[in-house]
Amino acid sequence: RSSDLQQTNPAQLRDSRPQASRTDSPSGRASSASRLAPCISAMEARGSLLTLAALLCGSVRVSECAFCYEVFDDTTGSCLGLLGDDVSEDDCCLNLKYGYKEDEDSPCKACRPAEWSPWSDWGDCTVSCKEGVQQRRRDCYGQGDCQGDTGKQELRLETRICSLQDCCPVDGGWSDWSPWSACSVTCAAGFMQRTRECNNPAPQCGASCHGRDKETSPCDTKVVCPTHGAWGNWEPWGQCSHSCAQEGSPNPPTQARLRQCNNPAPSRNPPGDPCPGSERETRACSGLPFCAVDGQWGDWQKNTECSVTCGVGRETEKRLCNNPAPRHGGQYCTGSDTRFSSCNTGIPCPIDGRWTEWGEWDECVRPGKKIKCESIAGQQRRKRTCEGRDHGGQACEAGSTIEVRNCYHSHFCIYPGTWTEWSDWGLCSPPCGPSTSSRQRLCKAVYPDYKTIIGIQKKSEVFFWGTPNAQCELLEGQKRKVVETKQCQNVVDCDDVLDAVG
(Lines give C-alpha, C1' and ligand atoms only; values in the text may rest on other atoms or scores of the structure.)
Protein backbone atom coordinates (compact mmCIF):
# COMPACT_ATOMS: atom_id res chain seq x y z
CA ARG A 1 0.00 0.00 0.00
CA SER A 2 2.41 2.61 -1.22
CA SER A 3 1.51 6.21 -0.35
CA ASP A 4 2.87 7.32 -3.75
CA LEU A 5 0.48 4.90 -5.45
CA GLN A 6 -2.46 5.99 -3.33
CA GLN A 7 -1.88 9.65 -4.19
CA THR A 8 -2.00 8.92 -7.93
CA ASN A 9 -5.12 10.19 -9.65
CA PRO A 10 -6.63 7.23 -11.60
CA ALA A 11 -7.08 9.52 -14.60
CA GLN A 12 -3.31 10.21 -14.65
CA LEU A 13 -2.62 6.49 -14.98
CA ARG A 14 -4.38 6.57 -18.37
CA ASP A 15 -3.47 10.08 -19.58
CA SER A 16 -1.46 8.54 -22.42
CA ARG A 17 -4.75 7.30 -23.95
CA PRO A 18 -7.21 9.78 -25.53
CA GLN A 19 -10.28 10.40 -23.40
CA ALA A 20 -13.60 9.31 -24.93
CA SER A 21 -16.13 12.07 -25.67
CA ARG A 22 -19.25 12.16 -23.51
CA THR A 23 -22.75 13.33 -24.46
CA ASP A 24 -24.69 15.15 -21.73
CA SER A 25 -28.46 15.24 -21.48
CA PRO A 26 -30.31 18.57 -21.31
CA SER A 27 -30.33 18.27 -17.50
CA GLY A 28 -26.53 18.24 -17.38
CA ARG A 29 -26.28 14.51 -16.48
CA ALA A 30 -25.28 11.88 -19.02
CA SER A 31 -28.23 9.86 -20.25
CA SER A 32 -28.28 6.13 -19.43
CA ALA A 33 -29.13 5.54 -23.09
CA SER A 34 -26.09 7.50 -24.43
CA ARG A 35 -23.92 5.57 -26.81
CA LEU A 36 -20.30 4.52 -26.22
CA ALA A 37 -17.54 6.98 -27.03
CA PRO A 38 -16.17 6.42 -30.59
CA CYS A 39 -13.32 3.98 -30.77
CA ILE A 40 -11.43 2.24 -33.59
CA SER A 41 -8.93 -0.59 -33.86
CA ALA A 42 -5.35 0.06 -34.92
CA MET A 43 -5.87 -1.73 -38.29
CA GLU A 44 -9.02 0.31 -39.03
CA ALA A 45 -7.25 3.55 -38.11
CA ARG A 46 -4.43 2.87 -40.61
CA GLY A 47 -6.90 2.14 -43.40
CA SER A 48 -9.49 4.92 -42.87
CA LEU A 49 -8.95 8.34 -44.52
CA LEU A 50 -12.16 9.56 -42.92
CA THR A 51 -10.83 8.79 -39.42
CA LEU A 52 -7.52 10.54 -40.21
CA ALA A 53 -9.33 13.64 -41.47
CA ALA A 54 -11.55 13.72 -38.39
CA LEU A 55 -8.56 13.50 -36.07
CA LEU A 56 -6.68 16.27 -37.91
CA CYS A 57 -9.69 18.58 -37.76
CA GLY A 58 -10.20 17.88 -34.07
CA SER A 59 -13.89 17.12 -34.57
CA VAL A 60 -13.71 13.55 -33.25
CA ARG A 61 -11.48 12.05 -30.56
CA VAL A 62 -10.97 8.35 -31.16
CA SER A 63 -9.76 5.95 -28.45
CA GLU A 64 -8.56 2.37 -28.96
CA CYS A 65 -11.35 -0.21 -28.76
CA ALA A 66 -11.13 -2.79 -25.98
CA PHE A 67 -12.99 -5.79 -24.58
CA CYS A 68 -14.51 -4.32 -21.38
CA TYR A 69 -15.33 -6.60 -18.38
CA GLU A 70 -17.18 -5.76 -15.16
CA VAL A 71 -14.93 -7.86 -12.88
CA PHE A 72 -11.12 -8.15 -12.60
CA ASP A 73 -10.19 -11.30 -10.63
CA ASP A 74 -7.20 -10.63 -8.30
CA THR A 75 -6.59 -14.34 -7.73
CA THR A 76 -6.21 -15.41 -11.37
CA GLY A 77 -5.55 -12.07 -13.10
CA SER A 78 -8.46 -12.77 -15.48
CA CYS A 79 -11.46 -10.75 -16.71
CA LEU A 80 -15.06 -11.87 -15.97
CA GLY A 81 -18.44 -10.62 -17.21
CA LEU A 82 -17.96 -9.20 -20.72
CA LEU A 83 -19.76 -5.85 -21.12
CA GLY A 84 -18.78 -5.17 -24.74
CA ASP A 85 -15.99 -5.59 -27.29
CA ASP A 86 -16.25 -2.08 -28.76
CA VAL A 87 -15.76 0.04 -25.62
CA SER A 88 -12.91 2.55 -25.42
CA GLU A 89 -10.34 1.86 -22.71
CA ASP A 90 -11.09 5.24 -21.08
CA ASP A 91 -14.85 4.61 -20.88
CA CYS A 92 -14.27 1.12 -19.53
CA CYS A 93 -12.00 2.46 -16.77
CA LEU A 94 -14.57 4.99 -15.53
CA ASN A 95 -15.11 2.23 -12.96
CA LEU A 96 -11.81 1.22 -11.30
CA LYS A 97 -13.25 -2.23 -10.43
CA TYR A 98 -13.42 -3.09 -14.16
CA GLY A 99 -10.80 -4.76 -16.38
CA TYR A 100 -10.17 -4.74 -20.15
CA LYS A 101 -8.33 -6.60 -22.92
CA GLU A 102 -6.74 -4.93 -25.94
CA ASP A 103 -7.97 -7.87 -28.02
CA GLU A 104 -9.64 -11.21 -27.30
CA ASP A 105 -6.35 -13.11 -26.84
CA SER A 106 -4.53 -10.42 -24.80
CA PRO A 107 -4.03 -10.71 -21.03
CA CYS A 108 -6.54 -8.91 -18.80
CA LYS A 109 -5.53 -5.48 -17.41
CA ALA A 110 -7.02 -3.92 -14.27
CA CYS A 111 -8.33 -0.33 -14.40
CA ARG A 112 -7.34 0.40 -10.77
CA PRO A 113 -3.92 1.68 -9.59
CA ALA A 114 -1.32 -1.09 -9.40
CA GLU A 115 -1.48 -3.38 -6.33
CA TRP A 116 0.10 -6.69 -5.38
CA SER A 117 -2.23 -9.69 -5.58
CA PRO A 118 -2.55 -11.88 -2.44
CA TRP A 119 0.11 -14.57 -2.08
CA SER A 120 -1.01 -17.90 -3.56
CA ASP A 121 -1.22 -21.00 -1.39
CA TRP A 122 2.07 -22.81 -0.86
CA GLY A 123 2.66 -25.29 -3.68
CA ASP A 124 3.48 -28.99 -3.39
CA CYS A 125 6.76 -30.07 -1.80
CA THR A 126 9.43 -30.85 -4.41
CA VAL A 127 10.00 -34.34 -2.94
CA SER A 128 7.67 -36.88 -1.33
CA CYS A 129 10.08 -37.86 1.44
CA LYS A 130 12.83 -36.27 3.50
CA GLU A 131 13.59 -32.55 3.00
CA GLY A 132 12.51 -30.45 -0.02
CA VAL A 133 11.06 -27.02 -0.66
CA GLN A 134 7.70 -25.49 -1.65
CA GLN A 135 6.92 -22.18 -3.29
CA ARG A 136 4.21 -19.55 -3.53
CA ARG A 137 3.71 -16.61 -5.90
CA ARG A 138 1.97 -13.28 -6.33
CA ASP A 139 1.65 -10.79 -9.21
CA CYS A 140 1.38 -7.02 -9.72
CA TYR A 141 -1.96 -6.02 -11.33
CA GLY A 142 -3.14 -2.54 -12.29
CA GLN A 143 -1.94 0.73 -13.82
CA GLY A 144 1.64 1.78 -12.90
CA ASP A 145 4.12 -0.03 -10.63
CA CYS A 146 3.42 -1.84 -7.35
CA GLN A 147 5.01 -0.63 -4.13
CA GLY A 148 8.67 -1.61 -3.89
CA ASP A 149 8.70 -3.45 -7.25
CA THR A 150 12.42 -3.60 -8.16
CA GLY A 151 12.12 -6.55 -10.54
CA LYS A 152 13.67 -9.04 -8.10
CA GLN A 153 12.22 -12.54 -8.05
CA GLU A 154 11.91 -12.41 -4.24
CA LEU A 155 8.99 -9.94 -4.62
CA ARG A 156 6.98 -12.41 -6.74
CA LEU A 157 8.27 -15.80 -5.56
CA GLU A 158 8.97 -17.22 -2.07
CA THR A 159 10.52 -20.62 -1.23
CA ARG A 160 10.53 -22.43 2.14
CA ILE A 161 11.72 -25.78 3.45
CA CYS A 162 9.22 -28.69 3.67
CA SER A 163 9.18 -32.36 4.67
CA LEU A 164 6.20 -34.68 4.07
CA GLN A 165 7.73 -37.64 5.91
CA ASP A 166 11.09 -38.37 7.55
CA CYS A 167 11.80 -41.62 5.69
CA CYS A 168 11.62 -42.78 2.07
CA PRO A 169 9.79 -46.00 1.07
CA VAL A 170 11.92 -49.12 0.39
CA ASP A 171 10.29 -52.01 -1.50
CA GLY A 172 10.26 -55.49 0.03
CA GLY A 173 11.09 -58.86 -1.51
CA TRP A 174 8.93 -61.93 -2.17
CA SER A 175 9.24 -65.30 -0.42
CA ASP A 176 9.35 -68.51 -2.47
CA TRP A 177 6.10 -69.67 -4.13
CA SER A 178 4.00 -72.17 -2.16
CA PRO A 179 3.16 -75.58 -3.76
CA TRP A 180 0.26 -75.61 -6.28
CA SER A 181 -3.19 -76.30 -4.75
CA ALA A 182 -5.55 -79.09 -5.91
CA CYS A 183 -7.70 -78.49 -9.05
CA SER A 184 -10.81 -76.42 -8.28
CA VAL A 185 -13.29 -78.84 -10.03
CA THR A 186 -13.91 -82.58 -10.26
CA CYS A 187 -14.98 -82.58 -13.90
CA ALA A 188 -14.13 -80.58 -17.01
CA ALA A 189 -11.50 -77.84 -16.58
CA GLY A 190 -10.70 -75.69 -13.56
CA PHE A 191 -7.70 -73.96 -12.09
CA MET A 192 -5.13 -74.41 -9.36
CA GLN A 193 -3.41 -71.71 -7.31
CA ARG A 194 -0.20 -70.92 -5.46
CA THR A 195 0.77 -67.94 -3.21
CA ARG A 196 3.79 -66.09 -1.81
CA GLU A 197 4.40 -63.49 0.93
CA CYS A 198 6.05 -60.04 0.91
CA ASN A 199 8.52 -60.73 3.75
CA ASN A 200 11.92 -61.41 2.20
CA PRO A 201 12.72 -58.71 3.28
CA ALA A 202 9.64 -56.84 4.54
CA PRO A 203 9.00 -53.41 2.94
CA GLN A 204 9.86 -50.21 4.85
CA CYS A 205 8.18 -46.82 5.31
CA GLY A 206 4.84 -47.82 3.74
CA ALA A 207 6.28 -49.49 0.60
CA SER A 208 5.23 -52.88 -0.82
CA CYS A 209 6.45 -55.63 -3.13
CA HIS A 210 6.07 -55.31 -6.90
CA GLY A 211 4.08 -58.04 -8.62
CA ARG A 212 1.28 -60.41 -7.62
CA ASP A 213 0.99 -62.48 -4.47
CA LYS A 214 -1.12 -65.13 -6.26
CA GLU A 215 -0.78 -67.14 -9.48
CA THR A 216 -3.30 -69.43 -11.14
CA SER A 217 -2.82 -72.17 -13.70
CA PRO A 218 -5.45 -74.14 -15.66
CA CYS A 219 -6.06 -77.80 -14.90
CA ASP A 220 -8.10 -80.44 -16.72
CA THR A 221 -9.75 -83.41 -14.99
CA LYS A 222 -10.36 -85.17 -18.34
CA VAL A 223 -13.94 -85.85 -17.11
CA VAL A 224 -16.90 -84.50 -19.16
CA CYS A 225 -19.79 -82.86 -17.22
CA PRO A 226 -23.30 -82.75 -18.80
CA THR A 227 -24.69 -79.19 -19.01
CA HIS A 228 -28.39 -78.29 -19.32
CA GLY A 229 -29.32 -75.04 -21.04
CA ALA A 230 -30.62 -72.01 -19.12
CA TRP A 231 -31.79 -68.63 -20.37
CA GLY A 232 -29.64 -65.56 -20.05
CA ASN A 233 -31.16 -62.23 -18.99
CA TRP A 234 -33.60 -60.46 -21.25
CA GLU A 235 -31.97 -57.78 -23.34
CA PRO A 236 -33.39 -54.22 -22.93
CA TRP A 237 -36.57 -53.52 -24.84
CA GLY A 238 -35.82 -52.38 -28.37
CA GLN A 239 -36.92 -49.11 -29.91
CA CYS A 240 -40.55 -48.63 -30.79
CA SER A 241 -41.36 -48.96 -34.47
CA HIS A 242 -42.27 -45.24 -34.44
CA SER A 243 -41.16 -42.42 -32.16
CA CYS A 244 -44.61 -40.86 -31.94
CA ALA A 245 -48.18 -42.07 -32.19
CA GLN A 246 -50.75 -40.92 -34.69
CA GLU A 247 -53.59 -39.43 -32.70
CA GLY A 248 -56.69 -41.76 -32.92
CA SER A 249 -54.87 -44.70 -34.64
CA PRO A 250 -55.95 -48.27 -33.51
CA ASN A 251 -52.50 -49.73 -34.26
CA PRO A 252 -49.94 -48.40 -31.82
CA PRO A 253 -46.20 -48.91 -32.45
CA THR A 254 -44.62 -52.09 -30.99
CA GLN A 255 -41.27 -53.05 -29.44
CA ALA A 256 -39.52 -56.41 -28.85
CA ARG A 257 -36.78 -57.92 -26.69
CA LEU A 258 -34.63 -61.08 -27.00
CA ARG A 259 -32.81 -63.54 -24.76
CA GLN A 260 -30.22 -66.25 -25.45
CA CYS A 261 -29.89 -69.83 -24.22
CA ASN A 262 -26.36 -69.30 -22.97
CA ASN A 263 -26.50 -69.25 -19.21
CA PRO A 264 -25.15 -71.88 -19.79
CA ALA A 265 -25.63 -73.27 -23.29
CA PRO A 266 -26.58 -77.00 -23.34
CA SER A 267 -23.66 -79.38 -23.84
CA ARG A 268 -23.43 -81.69 -26.88
CA ASN A 269 -21.52 -84.65 -25.51
CA PRO A 270 -23.05 -85.73 -23.28
CA PRO A 271 -26.05 -83.77 -24.61
CA GLY A 272 -27.75 -81.20 -22.29
CA ASP A 273 -31.41 -80.12 -22.31
CA PRO A 274 -32.38 -77.05 -24.37
CA CYS A 275 -33.94 -73.96 -22.76
CA PRO A 276 -37.78 -74.07 -22.47
CA GLY A 277 -39.97 -71.27 -23.88
CA SER A 278 -39.47 -68.59 -26.58
CA GLU A 279 -36.46 -66.41 -27.20
CA ARG A 280 -38.55 -63.40 -28.35
CA GLU A 281 -41.22 -61.27 -26.61
CA THR A 282 -43.30 -58.41 -28.12
CA ARG A 283 -45.49 -55.69 -26.59
CA ALA A 284 -47.35 -52.56 -27.69
CA CYS A 285 -45.69 -49.23 -26.98
CA SER A 286 -47.73 -47.16 -24.56
CA GLY A 287 -47.46 -43.54 -23.46
CA LEU A 288 -45.89 -42.31 -26.70
CA PRO A 289 -46.38 -38.61 -27.33
CA PHE A 290 -48.23 -37.23 -30.28
CA CYS A 291 -45.91 -36.23 -33.09
CA ALA A 292 -44.07 -33.09 -32.04
CA VAL A 293 -44.37 -29.49 -33.21
CA ASP A 294 -41.12 -27.58 -32.63
CA GLY A 295 -41.21 -24.01 -31.26
CA GLN A 296 -39.96 -20.87 -33.07
CA TRP A 297 -38.76 -17.53 -31.62
CA GLY A 298 -40.82 -14.33 -31.67
CA ASP A 299 -39.34 -10.82 -32.17
CA TRP A 300 -36.78 -9.27 -29.76
CA GLN A 301 -38.25 -6.81 -27.21
CA LYS A 302 -36.35 -4.37 -24.97
CA ASN A 303 -36.48 -5.65 -21.38
CA THR A 304 -34.38 -3.40 -19.06
CA GLU A 305 -32.74 0.01 -18.89
CA CYS A 306 -28.96 0.43 -18.40
CA SER A 307 -27.81 -1.72 -15.44
CA VAL A 308 -25.57 0.94 -13.86
CA THR A 309 -25.72 4.64 -12.97
CA CYS A 310 -22.00 5.24 -13.59
CA GLY A 311 -19.41 3.92 -16.03
CA VAL A 312 -20.32 1.24 -18.57
CA GLY A 313 -23.11 -1.29 -17.97
CA ARG A 314 -25.46 -3.44 -19.98
CA GLU A 315 -29.08 -3.43 -21.10
CA THR A 316 -31.09 -6.51 -22.09
CA GLU A 317 -33.60 -7.61 -24.72
CA LYS A 318 -35.86 -10.69 -24.48
CA ARG A 319 -37.89 -12.82 -26.88
CA LEU A 320 -40.56 -15.50 -26.42
CA CYS A 321 -40.72 -19.00 -27.91
CA ASN A 322 -44.27 -18.47 -29.21
CA ASN A 323 -44.12 -18.29 -33.00
CA PRO A 324 -45.41 -21.05 -32.67
CA ALA A 325 -45.02 -22.46 -29.16
CA PRO A 326 -43.83 -26.10 -28.95
CA ARG A 327 -46.61 -28.72 -28.71
CA HIS A 328 -46.80 -32.48 -28.04
CA GLY A 329 -43.20 -32.63 -26.79
CA GLY A 330 -41.76 -30.59 -29.64
CA GLN A 331 -38.36 -29.04 -29.09
CA TYR A 332 -38.14 -25.69 -27.37
CA CYS A 333 -36.51 -22.89 -29.36
CA THR A 334 -32.73 -23.22 -29.59
CA GLY A 335 -30.53 -20.36 -28.40
CA SER A 336 -30.90 -17.82 -25.59
CA ASP A 337 -34.04 -15.85 -24.84
CA THR A 338 -31.91 -12.93 -23.62
CA ARG A 339 -29.21 -10.87 -25.25
CA PHE A 340 -27.09 -8.04 -23.85
CA SER A 341 -25.67 -4.83 -25.27
CA SER A 342 -23.38 -2.36 -23.54
CA CYS A 343 -24.54 1.11 -22.47
CA ASN A 344 -22.49 4.10 -21.33
CA THR A 345 -23.65 6.57 -18.67
CA GLY A 346 -20.62 8.81 -19.23
CA ILE A 347 -20.42 9.35 -15.44
CA PRO A 348 -17.30 8.39 -13.42
CA CYS A 349 -18.06 6.04 -10.51
CA PRO A 350 -17.48 7.27 -6.92
CA ILE A 351 -14.08 6.48 -5.35
CA ASP A 352 -14.02 6.12 -1.55
CA GLY A 353 -11.17 7.60 0.47
CA ARG A 354 -8.50 5.35 2.02
CA TRP A 355 -6.28 5.96 5.04
CA THR A 356 -2.56 5.92 4.35
CA GLU A 357 -0.28 3.87 6.59
CA TRP A 358 0.81 5.60 9.82
CA GLY A 359 4.08 7.49 9.41
CA GLU A 360 7.14 6.98 11.61
CA TRP A 361 7.00 8.23 15.22
CA ASP A 362 8.58 11.66 15.75
CA GLU A 363 11.48 11.96 18.22
CA CYS A 364 10.47 11.53 21.88
CA VAL A 365 10.71 15.01 23.48
CA ARG A 366 9.63 16.97 26.54
CA PRO A 367 9.87 20.78 26.18
CA GLY A 368 12.40 22.35 28.52
CA LYS A 369 13.92 19.05 29.69
CA LYS A 370 16.70 16.71 28.61
CA ILE A 371 15.09 13.25 28.73
CA LYS A 372 17.44 11.11 26.63
CA CYS A 373 18.47 8.00 28.64
CA GLU A 374 16.53 9.35 31.64
CA SER A 375 13.46 8.01 33.48
CA ILE A 376 11.53 11.13 32.45
CA ALA A 377 8.62 10.51 30.10
CA GLY A 378 8.08 12.62 27.01
CA GLN A 379 5.66 12.53 24.08
CA GLN A 380 5.85 11.79 20.36
CA ARG A 381 3.52 11.92 17.36
CA ARG A 382 2.84 10.13 14.11
CA LYS A 383 0.47 11.07 11.25
CA ARG A 384 -1.63 9.64 8.43
CA THR A 385 -3.86 11.15 5.72
CA CYS A 386 -7.13 10.28 3.92
CA GLU A 387 -6.37 9.97 0.20
CA GLY A 388 -8.01 8.99 -3.09
CA ARG A 389 -11.58 10.23 -2.53
CA ASP A 390 -13.15 11.39 -5.79
CA HIS A 391 -16.45 11.69 -7.70
CA GLY A 392 -18.56 11.88 -4.53
CA GLY A 393 -17.09 8.77 -2.88
CA GLN A 394 -17.26 8.11 0.87
CA ALA A 395 -14.78 9.74 3.23
CA CYS A 396 -12.34 7.54 5.15
CA GLU A 397 -13.72 5.54 8.07
CA ALA A 398 -13.83 7.37 11.39
CA GLY A 399 -10.43 7.96 12.87
CA SER A 400 -7.80 10.60 13.68
CA THR A 401 -5.03 11.89 11.42
CA ILE A 402 -2.65 12.25 14.40
CA GLU A 403 -1.72 9.74 17.12
CA VAL A 404 0.13 10.77 20.34
CA ARG A 405 1.75 8.52 22.96
CA ASN A 406 3.99 8.79 26.05
CA CYS A 407 7.59 7.63 25.65
CA TYR A 408 11.08 7.23 27.12
CA HIS A 409 13.94 8.44 24.87
CA SER A 410 16.22 5.36 24.67
CA HIS A 411 17.82 5.97 21.25
CA PHE A 412 21.53 4.93 21.42
CA CYS A 413 21.32 4.59 25.24
CA ILE A 414 23.67 1.96 26.70
CA TYR A 415 21.65 -0.86 28.37
CA PRO A 416 22.63 -4.39 29.44
CA GLY A 417 21.59 -7.02 26.91
CA THR A 418 20.64 -10.68 26.67
CA TRP A 419 20.81 -13.09 23.72
CA THR A 420 17.51 -14.25 22.17
CA GLU A 421 16.77 -17.89 21.30
CA TRP A 422 17.36 -19.05 17.71
CA SER A 423 14.80 -17.70 15.27
CA ASP A 424 12.95 -19.98 12.81
CA TRP A 425 14.75 -20.83 9.57
CA GLY A 426 14.15 -18.04 7.04
CA LEU A 427 13.04 -18.24 3.40
CA CYS A 428 15.40 -19.81 0.86
CA SER A 429 17.31 -17.14 -1.07
CA PRO A 430 17.31 -16.94 -4.01
CA PRO A 431 13.90 -18.67 -4.35
CA CYS A 432 15.08 -20.97 -7.17
CA GLY A 433 18.32 -22.74 -8.08
CA PRO A 434 21.12 -23.14 -5.50
CA SER A 435 19.97 -21.27 -2.39
CA THR A 436 20.48 -21.02 1.37
CA SER A 437 18.36 -20.48 4.48
CA SER A 438 19.51 -18.81 7.71
CA ARG A 439 18.47 -18.24 11.30
CA GLN A 440 19.85 -15.84 13.92
CA ARG A 441 20.22 -14.85 17.56
CA LEU A 442 20.17 -11.15 18.47
CA CYS A 443 21.55 -9.17 21.40
CA LYS A 444 18.34 -7.67 22.82
CA ALA A 445 18.39 -4.75 25.27
CA VAL A 446 17.11 -5.18 28.83
CA TYR A 447 15.23 -1.92 29.46
CA PRO A 448 15.40 -0.15 32.83
CA ASP A 449 12.60 -0.72 35.31
CA TYR A 450 10.89 2.61 34.57
CA LYS A 451 7.19 3.21 35.17
CA THR A 452 5.08 1.70 32.38
CA ILE A 453 1.87 3.55 33.42
CA ILE A 454 1.83 7.28 34.29
CA GLY A 455 -0.82 9.88 35.08
CA ILE A 456 -2.94 10.80 38.08
CA GLN A 457 -6.53 11.11 36.86
CA LYS A 458 -6.00 9.60 33.40
CA LYS A 459 -3.68 6.60 33.26
CA SER A 460 -1.72 5.96 30.04
CA GLU A 461 0.98 3.55 28.90
CA VAL A 462 4.60 4.62 28.31
CA PHE A 463 6.72 3.11 25.47
CA PHE A 464 10.50 2.98 25.04
CA TRP A 465 11.44 4.72 21.78
CA GLY A 466 14.59 4.41 19.69
CA THR A 467 17.31 1.81 19.15
CA PRO A 468 19.35 1.31 22.33
CA ASN A 469 22.99 0.17 22.45
CA ALA A 470 22.57 -3.29 24.05
CA GLN A 471 25.66 -4.76 25.75
CA CYS A 472 25.87 -8.58 25.64
CA GLU A 473 28.69 -11.00 26.42
CA LEU A 474 30.51 -12.21 23.32
CA LEU A 475 28.77 -15.15 21.64
CA GLU A 476 30.85 -17.00 19.03
CA GLY A 477 32.98 -13.85 18.79
CA GLN A 478 29.98 -11.57 18.01
CA LYS A 479 28.51 -8.64 19.98
CA ARG A 480 25.22 -7.93 18.16
CA LYS A 481 24.08 -10.86 16.01
CA VAL A 482 25.00 -14.52 15.44
CA VAL A 483 23.88 -16.03 12.11
CA GLU A 484 23.70 -19.74 11.14
CA THR A 485 23.27 -20.69 7.46
CA LYS A 486 22.49 -23.99 5.71
CA GLN A 487 21.94 -25.10 2.10
CA CYS A 488 18.30 -25.54 0.95
CA GLN A 489 17.62 -29.02 -0.46
CA ASN A 490 15.77 -30.02 -3.67
CA VAL A 491 15.08 -26.44 -4.80
CA VAL A 492 13.34 -25.99 -8.20
CA ASP A 493 15.64 -24.92 -11.06
CA CYS A 494 15.22 -21.25 -12.10
CA ASP A 495 14.62 -22.19 -15.75
CA ASP A 496 11.63 -24.35 -14.70
CA VAL A 497 10.25 -21.44 -12.60
CA LEU A 498 10.54 -19.00 -15.54
CA ASP A 499 8.78 -21.50 -17.84
CA ALA A 500 5.92 -21.89 -15.33
CA VAL A 501 5.56 -18.10 -14.82
CA GLY A 502 5.78 -17.44 -18.57
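See the structure shown above.
All of these numbers come straight from a predicted model, not from anything done at the bench. (Residues numbered from 1 in each chain as written. Predicted model: local features only at pLDDT ≥ 70, side-chain atom pairs only at ≥ 80, totals over all residues. Heavy atoms only, no water.)

A.B. asks: Can you tell me about the overall build of the protein, naming the residues and giving the values?
C.D. replies: Secondary structure summary: the protein contains six helices and 26 strands in total. When burial is assessed residue by residue, the protein has 30% of its 502 residues classed as buried. In the protein, the proportion of contacts linking residues at least 24 apart, taken out of those at least 6 apart, comes to 69%. For the protein, the exposed surface amounts to about 32400 Å²; the carbon and sulfur share of it is 49%. (Helix = DSSP H or I, 4+ residues; strand = E, 2+ residues; numbered from the N terminus. Buried < 20%, exposed > 50% of the residue type's maximum accessible area, 1.4 Å probe, protein only. Contact = heavy atoms within 4.5 Å. Areas by Shrake-Rupley, 256 points an atom, 1.4 Å probe, with all protein chains shown as cover.)

A.B. asks: Could you give me a rundown of the sheet that holds strand S15 (residues 312-318), with the residues and numbers involved?
C.D. replies: The sheet built from three strands is open, its strands ordered S14-S15-S16 with antiparallel pairing. In this open sheet, the two strands that pair with only one neighbour each are strand S14 (301-302) and strand S16 (338-344). Note that S15 and S16 share seven bridges and pair antiparallel. Across the sheet, Arg314 pairs through a bridge with Ser342, a residue of S16. (Pairing = 2+ DSSP bridges.)

A.B. asks: So, the pattern of salt bridges: which residues are in play, and what are the values?
C.D. replies: Across all of its chains, the model carries 14 salt bridges by this definition. The salt bridge involving Arg339 is made with Glu317; its shortest N-O contact spans 2.6 Å. Linking Arg339 in strand S16 with Glu317 in strand S15, this pair joins segments that are 22 residues apart in sequence. Overall, Glu317 belongs to the partly exposed group, its relative accessible area being 27%. (Salt bridge = Lys/Arg side-chain N within 4 Å of Asp/Glu carboxyl O.)

A.B. asks: I'd like to hear about the state of the cysteines, residue by residue, with values.
C.D. replies: This model, assessed by the stated rule, comprises 22 disulfides. Disulfide pairing is shown between Cys140 and Cys146; the S-S distance is 2.1 Å. As the torsion about the S-S bond is roughly 95°, the Cys140-Cys146 disulfide counts as right-handed. Among the residues examined, Cys140 registers a relative accessible area of 21% and is labelled partly exposed. The disulfide partner of Cys310 is Cys349, and the S-S distance across this bridge is 2.0 Å. Here Cys310 and Cys349 share a disulfide; its torsion about the S-S bond, 100°, makes the bridge right-handed. Here Cys310, found in the loop between S14 and S15, pairs with Cys349, found in the loop between S16 and strand S17 (354-355); they are 39 residues apart in sequence, far enough to count as distant. (Disulfide = S-S within 2.5 Å.)

A.B. asks: Talk me through the sheet that holds strand S20 (residues 402-409); I want residue IDs and the actual numbers.
C.D. replies: On the basis of which strands lie adjacent, the open sheet formed by four strands has the order S18-S20-S24-S23 and mixed pairing. Each end of this open sheet is capped by a strand with a single partner; those strands are strand S18 (378-383) and strand S23 (453-454). Pairing analysis gives two bridges linking S23 to strand S24 (residues 460-465), with the strands arranged antiparallel. Along S24, the bridge assignment pairs Ile453 with Glu461.

A.B. asks: Which residues make up the side chain of Gln380, and what values go with them?
C.D. replies: With respect to the element layout, Gln380 can be found in strand S18. In this structure Gln380 comes out as buried when scored by relative accessible area, which is 1%. Of note is the side chain of Gln380, whose polar atom sits 2.7 Å from the backbone oxygen of Asp362. Of note is the side chain of Gln380, whose polar atom sits 2.8 Å from the side chain of Arg405. Filtering out sequence-adjacent residues up to four positions away, Gln380 remains in contact with Trp361, Asp362, Glu363, Cys364, Glu403, Val404, Arg405, Cys407 and Trp465. (Polar contact = N/O pair within 3.5 Å; in protein donor to acceptor, adjacent residues only side chain to side chain.)

A.B. asks: An account of the packing of aromatic side chains is needed here, citing residue identities and associated values.
C.D. replies: Using the criterion set out here, one finds seven aromatic pairs in the structure. Each ring, one from Tyr408 and one from Tyr450, has its centre 4.9 Å from the other, and the planes form 65°; the classification is edge-to-face. With Tyr408 in strand S20 and Tyr450 in the loop between strand S22 (436-445) and S23, the pair connects residues that are 42 residues apart, well separated along the chain. The rings of Tyr408, Tyr415, Tyr447, Tyr450 and Phe464 are connected pair by pair, giving a single aromatic cluster. Looking at Arg259, its charged tip hangs above the ring of Trp231, at a distance of 4.3 Å from the centre. (Phe/Tyr/Trp six-rings, centres within 6.5 Å; stacked < 30°, edge-to-face > 60°. Lys NZ or Arg CZ within 6 Å of the ring centre and 35° of its normal.)

A.B. asks: With reference to specific residues and values, describe the environment of Ser128.
C.D. replies: Examined against the element boundaries, Ser128 turns out to sit in the loop between strand S6 (115-116) and strand S7 (131-137). Under the relative-accessibility criterion, Ser128 is labelled exposed at 54%. Measuring from C-alpha to C-alpha, the distance between Ser128 and Leu164 comes to 6.0 Å, with 36 residues separating the pair along the chain. Contact partners of Ser128, with chain neighbours within four places excluded, come to Leu164 and Gln165.

A.B. asks: So what about the nonpolar core? Which residues, and what values?
C.D. replies: The tendency in soluble globular proteins is for nonpolar side chains to be buried side by side. The biggest cluster of nonpolar side chains holds ten residues, and these are Ala66, Cys68, Leu83, Val87, Cys92, Cys93, Tyr98, Tyr100, Cys111 and Val312. Only strand S2 (63-73) and strand S3 (78-88) provide two or more residues apiece to this core. In this structure, Cys413, Trp419, Cys443 and Ala470 belong to the second largest nonpolar core, which totals eight residues. (Core = buried A, V, L, I, M, F, W, Y, C linked by side-chain atoms within 4.5 Å.)

A.B. asks: I'd like to hear about the environment of Lys486, residue by residue, with values.
C.D. replies: Mapped onto the fold, Lys486 is located in strand S26 (residues 481-487). C-alpha separation for the pair Lys486 and Thr436, spaced 50 residues apart in sequence, amounts to 5.6 Å.

A.B. asks: Can you lay out a negative patch on the surface for me, pointing to particular residues and giving the numbers?
C.D. replies: Residues Asp85, Asp86, Asp103, Glu104 and Asp105 make up a contiguous surface patch of negative charge. In this structure, Asp103 sits in the loop between strand S4 (99-101) and strand S5 (109-110). The exposure class assigned to Asp103 is partly exposed, which follows from its relative accessible area of 37%. (Patch = residues over 30% accessible without salt bridge, like charges linked within 9 Å, V, L, I, M, F, W, Y side chains within 5 Å. Lys, Arg positive; Asp, Glu negative; His and termini not counted. Charge placed at Lys NZ, Arg CZ, Asp CG, Glu CD.)

A.B. asks: Describe the side chain of Arg382, listing the residues and the values that go with them.
C.D. replies: You can see Arg382 is positioned in strand S18. Of the polar contacts made by the side chain of Arg382, one reaches the side chain of Glu403; its length is 2.6 Å. Discounting chain neighbours no more than four positions away, the residues touching Arg382 are Trp358, Gly359, Glu360, Trp361, Thr401, Ile402 and Glu403.

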